[in-house]
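# Inside the fold
Here are the chains, one letter per residue:
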Amino acid sequence: MTFIIAEIGQAHEGSLGMALSYVTALAKTGVDAVKFQVHIAEAESSEYEPFRIKFSQQDKTRLDYWKRMSFTEAQWKMIKEHCEQENVKFLASPFSNAAVDILEDLMVNQYKIGSGEVNNFLLLQKIAETGKPVILSSGMSSFKELDKTVEFLKEANVEYSILQCTTAYPTKPEEYGLNVIKELRERYAVKTGYSDHSARIETSIAAVSLGAEIIEFHAVFSRNSFGPDATSSLEIEEICKLVEAIRNIDTALSHPVDKSDNSKFTDLKNIFEKSLSVNKDLKKGHILRFEDLEAKKPKNKGINAAKFREVIGKRLYNDLLAWNFLNETDLQ
């Protein structure tokens, strides 16, 4: 069963009430987990950090933005408890060692590593010391960089899975990199998935069809919302449709069809397959040509249409009217 993660990210705009309302709405869509980002401004940023997208008129610096996006540990506890009440898994990406401390106090059982933290071995060491499994987004990393991170995680005996991810907002079709899902699986022999920023449901549907076992996407009430990720997110109604599609694909993939056995189609074949007939009045003694023949439903009312070559050149034993079925008894 595909593990489906809806990321709220910064869509809550620093509002605890908004964060809780997102959890409630997303739980109804059928996702498995709701993911947050744990930002502690002073621990991860500085006044020199530039905006990826200059979207905010109320935050002078990116540092100010992270301060506004931060929740207290008590608020994080409320959010996690609300996830549990709504029967969805609370999942979070820490962006500093201090954030890991908060998540450990919350007793999380898994970590998500954002694309920008793949080479942050200080953070990876902190997480490795928890002994918890991680989901790694490969976004901005080359295979050479991923190899080093994977080696680090293996040496630390950390259980990990990897997501193909393109750090582009929103991601264009030519940037999806769906081929990388298989490449990751073959290279690292672990569970792989896809982290999407395309704001289109078909991207994740395609990823699941190609073997992705984990799907992650950004969620937003409206793509017209304020925030850096709004335009690359899925809205709630779209998420409902996506979850339904993924569950249908899960069912299909877990029920392979044996194409060598078509016995269950016997009744339908008798209806849809055809028998040979003649398409004009023909006299006794007429030598049948291809031009004389037609195929009509149902099967077994005449010679099987698949055997038309066997009757060409044979002589009629009796007269036939147009559209009569052709049987062996009609042939000399």
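Residues numbered from 1 in each chain as written. Predicted model: local features only at pLDDT ≥ 70, side-chain atom pairs only at ≥ 80, totals over all residues. Heavy atoms only, no water.

As annotated in an unreviewed UniProt entry, the protein is N-acetylneuraminate synthase family protein from Autumnicola tepida.

### Side note on the sheet that holds strand 6 (residues 160-165)
The strand order 3-2-1-8-7-6-5-4 describes an open sheet built from eight strands, whose pairing is parallel. In this open sheet, the two strands that pair with only one neighbour each are strand 3 (89-94) and strand 4 (111-113). Strand-to-strand twist in this sheet, taken as the mean axis angle between neighbours without regard to direction, amounts to 25 degrees. Examined bridge by bridge, strand 6 and strand 7 (residues 192-196) share four bridges and lie parallel to one another. Note on strand 7: the bridge partner recorded for Q164 is Y194. (Pairing = 2+ DSSP bridges. Helix = DSSP H or I, 4+ residues; strand = E, 2+ residues; numbered from the N terminus. Axes fitted to C-alpha atoms, helices over the stretch in contact; angles between N-to-C directions.)

### Remarks on the pattern of salt bridges
Oppositely charged side chains can form a pair if their charged atoms are brought close together. Taken as a whole and judged by the stated rule, the model has 18 salt bridges. Residue K80 is joined to E84 by a salt bridge in which the shortest nitrogen-to-oxygen separation is 2.7 Å. Residue K80 and its partner E84 are both found in helix 4 (residues 73-85); the two are separated by four residues, about one turn of the helix. Between K126 and D101 there is a salt bridge; the shortest N-O distance is 2.9 Å. With K126 in helix 6 (residues 121-128) and D101 in helix 5 (residues 97-105), the pair connects residues that are 25 residues apart, well separated along the chain. A relative accessible area of 24% means that K126 is categorised as partly exposed. The network of salt bridges with shared partners includes E7, K35, K112 and E216. (Salt bridge = Lys/Arg side-chain N within 4 Å of Asp/Glu carboxyl O. Buried < 20%, exposed > 50% of the residue type's maximum accessible area, 1.4 Å probe, protein only.)

### Re the nonpolar core
If you look at the biggest cluster of nonpolar residues, it comprises 66 residues, and the most contacted ones within it are L26, V31, F36, W76, F90, F217 and I239. Excluding residues within four positions of it along the chain, I239 makes contact with L26, T29, V31, F217, A219 and L234. Counting residues in each nonpolar core, the second largest holds eleven residues, with L282, L288, V311 and L316 among its members. (Core = buried A, V, L, I, M, F, W, Y, C linked by side-chain atoms within 4.5 Å. Contact = heavy atoms within 4.5 Å.)

### So, the packing of aromatic side chains
Scanning all chains against the criterion turns up eight aromatic pairs. Each ring, one from F36 and one from W76, has its centre 5.7 Å from the other, and the planes form 80 degrees; the classification is edge-to-face. You can see F36 sitting in strand 2 (residues 33-38) and its partner W76 sitting in helix 4, a full 40 residues away along the chain. Its relative accessible area of 1% is what places W76 among the buried residues. Every member of this aromatic cluster is reached through a ring pair, and the members are F36, F71, W76 and F90. Sitting over the face of the ring of Y317, K284 holds its NZ or CZ atom 5.8 Å from the ring centroid. Across from the ring centre of F325, 5.0 Å away, lies the NZ or CZ of K296, which sits over that ring. (Phe/Tyr/Trp six-rings, centres within 6.5 Å; stacked < 30°, edge-to-face > 60°. Lys NZ or Arg CZ within 6 Å of the ring centre and 35° of its normal.)

### Digging into the packing of helix 7 (residues 143-155) against helix 8 (residues 179-188)
The N-to-C vectors of helix 7 and helix 8 enclose an angle of 40 degrees; their axes lie 12 Å apart at closest approach. In terms of their interaxial angle, helix 7 and helix 8 are classed as oblique. For the pair helix 7 and helix 8, the crossing hand works out as right-handed. Where helix 7 approaches helix 8, its residues F143, L146, D147 and V150 are matched on the opposing element by V180, E183, L184, R187 and Y188. Classifying every residue of the contact of helix 7 with helix 8 by side-chain character gives six nonpolar, no polar and three charged. (Parallel < 35°, antiparallel > 145°, perpendicular 65-115°, else oblique. Left-handed = near helix turned anticlockwise from the far one by under 90°. Nonpolar A, V, L, I, M, F, W, Y, C, P; charged D, E, K, R; others polar.)

### Quick look at the UniProt feature "domain: AFP-like" (unreviewed entry) in the protein
Taking the UniProt record as the reference, the feature "domain: AFP-like" (unreviewed entry) is found at residues 275-332. Between the first and last C-alpha atoms of residues 275-332 the distance is 19 Å; the span itself is 7% helix and 14% strand. (UniProt positions renumbered as here; feature names shortened; annotations may be inferred.)

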